[in-house]
Amino acid sequence: MTVIQRATATAFVMAFMAVPAQADMFEVQNVTDGVYALVGPKEQRSAENLANNATFGLVVTDEGAVLIDPGGSWNGAGAIHARIREITDQPVTFVINTGGQDHRWLGNGYWRTQGATIIAAQAAVDDQKDRGSQQMGALSQFLGDGLAGTDPAYADVTFADAYTLDLGGLTFEITHAGQAHTPGDSFVWLDEKDTVFTGDIVYVERILGNGGQSNAKSWIEVFETMAALEPRYVVPGHGHVTTLATATADTYDYLVNLRTQIGAVIEAGGDIMDAPDIDQSAFEYLEQFDSLAGRNAQTTYEQMEWE
């Protein structure tokens with residue numbers, strides 16, 4: 001074997017070993033019978049987390065498993081798969097994209113090679129196409145070689161507002177009720193398990209991000225639509241499995257406070273430079289508060305200025 005061949009073989013083995021090792025980034029929570037949350041890191045995307053800095057859902061049935069969100073890269077999806085293999089021998093037959101953020105869809109290509117059917121709202125696919133090159137560019141900086149193999153791949157099945165998937169005696173009701181963190185956010189209701197998977201509609205334990213792709217006003221309305229289900233278990237887009245009360249405190253109440261406080265700034269004739277000074281102290285307990293609170297306020301100002 002030549003030096004080049006040995007180097008190539010070594011690189012292959014290291015890459016092969018890296019994915020199972022990085023599967024340890026997930027804390028697995030058994031929500032209820034056959035329902036799991038894979039809780040990833042809450043910090044920024046990195047080569048270590050492979051853009052899996054989010055929470056993912058898994059439902060195991062006798063006819064296969066359903067994965068809620070595929071991971072943020074090819075290797076990120078592989079790390080999720082390694083963790084799933086520790087839970088079940090059932091193949092992942094369906095993957096649901098709950099939105100347009102990278103960890104909600106850029107692992108699609110991996111799962112397609114595994115034979116899974118991918119489902120997403122058309123609004124999510126449109127957002128993925130609009131922002132995909134920007135996301136890939138950013139991830140190339142965050143992940144470096146960890147982005148290898150990742151290519152944009154879009155849903156096989158799309159829908160406008162709602163889609164129902166029946167599998168293994170369970171009914172997955174997927175609803176796109178409007179723009180939230182991203183234009184195509186959806187939640188997945190599993191009535192038989194009294195569980196909702198919210199994607200980026202719900203953040204707990206860490207502050208949410210109200211970015212240029214978000215709409216705080218409709219996000220509140222989407223949350224209310226989800227909350228009307230009165231779920232016992234909430235699997236959020238970020239953070240651990242929680243209750244509706246905690247989801248309301250960490251996401252809904254935060255959004256309402258943003259809009260209330262910024263509304264007062266606008267009414268008083270203030271400008272965008274005044275936005276970061278609003279009172280968000282009630283939410284200082286949320287992780288990443290210091291880095292995102294001011295930006296969230298300024299983005300909310302920009303959104304409300306044109307209402």
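Whatever comes next refers back to the structure up there.
Reference entry: report on the structure contained in this document. Remember, it's a predicted structure, so these values are computed and weren't measured experimentally.

Section: the overall build of the chain
Along the chain, the regular secondary structure elements total seven helices and 12 strands. Relative to a compact globule of 307 residues, whose C-alpha radius of gyration would be 19 Å, the chain shows 20 Å and is just as compact. The buried share of the chain, taken over its 307 residues, is 56%. Look at the contacts in the chain between residues 6 or more apart in sequence, and 68% of them connect residues 24 or more apart. Considering the chain, the positive charge centre built from 15 side chains and the negative charge centre built from 42 side chains are found 7 Å apart.

Describing the sheet that holds strand 11 (residues 195-203)
Read across the sheet, five strands follow the order 8-9-10-11-12 without closing on themselves; strand pairing throughout is mixed. Looking at the sheet topology across the chains shown, the edges are occupied by strand 8 (162-167) and strand 12 (233-238). Taken over all neighbouring pairs, the strand axes of this sheet differ in orientation by 25° on average, direction set aside. Pairing between strand 10 (residues 187-190) and strand 11: three bridges, direction antiparallel. Bridge pairing in strand 11 places Leu190 opposite Thr195.

A closer look at the layout of surface pockets
Of the volumes computed, that of the largest pocket is approximately 580 Å³. When residues of the lining of the largest pocket are traced back to their parent elements, those giving at least two are helix 4 (122-143) and helix 7 (289-305). Looking at the lining of the largest pocket residue by residue, the classes come out as five nonpolar, 15 polar and six charged.

Some points on helix 4
At Arg131, helix 4 shows its maximal bend, which comes to roughly 55°. Where helix 4 is concerned, the buried positions are Ala124, Val125, Asp127, Gln128, Arg131, Gly132, Gln135, Met136, Leu139 and Leu143. The inward-facing, buried residues of helix 4 contact strand 5 (92-97), strand 6 (117-121) and strand 7 (157-159). Just downstream of helix 4 lies Gly144, where phi reads positive at about 60°.

Considerations on unusual backbone geometry
Despite not being glycine, Asp69 shows a phi value in the positive range, around 80°. Turning to its location among the elements, Asp69 is positioned in the loop between strand 4 (64-68) and helix 2 (74-87). For Glu205, which is not glycine, the phi torsion reads 75° and is therefore positive. Counting through the fold element by element, Glu205 comes out in the loop between strand 11 and helix 5 (216-227). For Glu205, a relative accessible area of 26% gives the class partly exposed.

Let's talk about the pattern of salt bridges
On inspection of all chains with the given rule, the structure shows 10 salt bridges. Of the charged contacts in the structure, one is a salt bridge between Lys42 and Glu287, with a shortest N-O distance of 3.6 Å. With Lys42 in the loop between strand 2 (35-39) and strand 3 (55-61) and Glu287 in the loop between helix 6 (244-267) and helix 7, this residue pair connects regions lying 245 residues apart in the sequence. The exposure class of Lys42 is buried, given its relative accessible area of 14%. Assessed through its relative accessible area of 37%, Glu287 is described here as partly exposed. Each of Lys42, Glu205 and Glu287 takes part in salt bridges that share partners, so that together they form one network.

Quick notes on the rules
- Residues numbered from 1 in each chain as written.
- Predicted model: local features only at pLDDT ≥ 70, side-chain atom pairs only at ≥ 80, totals over all residues.
- Heavy atoms only, no water.
- Helix = DSSP H or I, 4+ residues; strand = E, 2+ residues; numbered from the N terminus.
- Rg over C-alpha atoms; globule rule 2.2 N^0.38 Å.
- Buried < 20%, exposed > 50% of the residue type's maximum accessible area, 1.4 Å probe, protein only.
- Contact = heavy atoms within 4.5 Å.
- Lys, Arg positive; Asp, Glu negative; His and termini not counted.
- Charge placed at Lys NZ, Arg CZ, Asp CG, Glu CD.
- Pairing = 2+ DSSP bridges.
- Axes fitted to C-alpha atoms, helices over the stretch in contact; angles between N-to-C directions.
- 1 Å grid on protein atoms, 1.4 Å probe; cavity = no way out; pocket = protein on both sides within 12 Å on 5 of 7 lines; lining within 4 Å.
- Points joined across faces, edges and corners; volume = space filled by probe spheres on them.
- Nonpolar A, V, L, I, M, F, W, Y, C, P; charged D, E, K, R; others polar.
- Bend = angle between axes of the 7 residues up to and from the residue.
- Salt bridge = Lys/Arg side-chain N within 4 Å of Asp/Glu carboxyl O.

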